[in-house]
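Architecture and fold: a report
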Amino acid sequence: MTPPLKWAGGKRWQLPILQPLWAPHRQRRLVEPFCGGLAVPLGLRPARALLNDINPHLVNFYQWLQRGLRIDVPLENDHDLYYAHRTRFNALLEAGGADTAEAASLFYFLNRTGYNGLCRFNRRNQFNVPFGRYRTIPYQADLGTYRDVVQGWTFRCGDFDTLPIAPDDFIYADPPYDVEFRQYAALGFSWDDQVRAAEFLARHPGPVVLANQATPRILALYGDLGYRLRVLDAPRRISCDGNRTPAREVLATRHL
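Residues numbered from 1 in each chain as written. Predicted model: local features only at pLDDT ≥ 70, side-chain atom pairs only at ≥ 80, totals over all residues. Heavy atoms only, no water.

Focus on the pairing of strand E4 (residues 170–173)
A two-sided burial pattern is seen for E4, the buried positions comprising Phe170 and Tyr172 on one face and Ile171 and Ala173 on the other. Of the pairings in the sheet, the one linking strand E1 (residues 30–32) to E4 comprises 2 bridges and is parallel in character. Across the sheet, the residue bridging to Val31 is Ile171, located in E4. Strand direction decides the pairing type here: E4 and strand E5 (residues 208–213), joined by 3 bridges, are parallel. Counterpart to Tyr172 in the pairing with E5 is Val209. (Buried < 20%, exposed > 50% of the residue type's maximum accessible area, 1.4 Å probe, protein only. Helix = DSSP H or I, 4+ residues; strand = E, 2+ residues; numbered from the N terminus. Pairing = 2+ DSSP bridges.)

Observations regarding the side chain of Gln213
Along the chain, Gln213 falls in strand E5. For Gln213, a relative accessible area of 16% gives the class buried. With residues up to four places along the chain from it excluded, the contact list for Gln213 reads Tyr177, Asp178, Val179, Ile218, Ala247, Arg248, Glu249 and Val250. (Contact = heavy atoms within 4.5 Å.)

Considerations on the sheet that holds strand E7 (residues 247–254)
What the 7 strands build is an open sheet, ordered E3-E2-E1-E4-E5-E7-E6; its pairing is mixed. With partners counted over all chains shown, the strands left at the sheet margins are strand E3 (153–157) and strand E6 (228–234), one partner each. The mean angle between the axes of side-by-side strands here comes to 15 degrees, regardless of whether they run parallel or antiparallel. The pairing of E5 with E7 spans 6 bridges and is antiparallel. (Axes fitted to C-alpha atoms, helices over the stretch in contact; angles between N-to-C directions.)

Laid out in structure tokens, this is it:
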């Protein structure tokens, strides 16, 4: 099933690798501490899942998706409409309406229409991604087809290390990559956070799959913690200079 949102660093390309790892464990609950665009759970289709993200607007959208969200704001690939919707979305956030169906609908529109599917906020917590450059956009006003798929899943917003993880959970973790751009949420993701995430997941007694950019310090960190490492060529979809050279990524596993 195609994810409803565009998301930087989406992991649909990993599904052929993840499916045979997941298949023997499909009776387990899937836990994803950094659920992002939802490509992995929509591809693996677990009956039970605990899906977390630090971005409250993303989580609000998914919680409304569980209710059969139908978009009732205008959906057009139009410059003026985009900035009008962006202004309305930021006004909702300021007025305390971030958890509403309207906010979820506007978030969907901004995500599909904004530049490169980015999700970026300034220091005043205002969404500030500019208008995109798409010729056509396949909007979906009725997102009810996702409702049955996501009904058994729990969406949660918070820091990854507060997740109520059970010992037999299957964890797939895709933290913000160890690259210069890490501002997926207002607080960003530092090197200390990378270490904290790797150590947190290394303590889990159940199966773990951890993906990241294959930088030297990431490879050293994961190797020192006892992960088995597999380096892969990943497609590069978002690049400011048009570079589409495959990026080197690592898939680190434990208890598999």
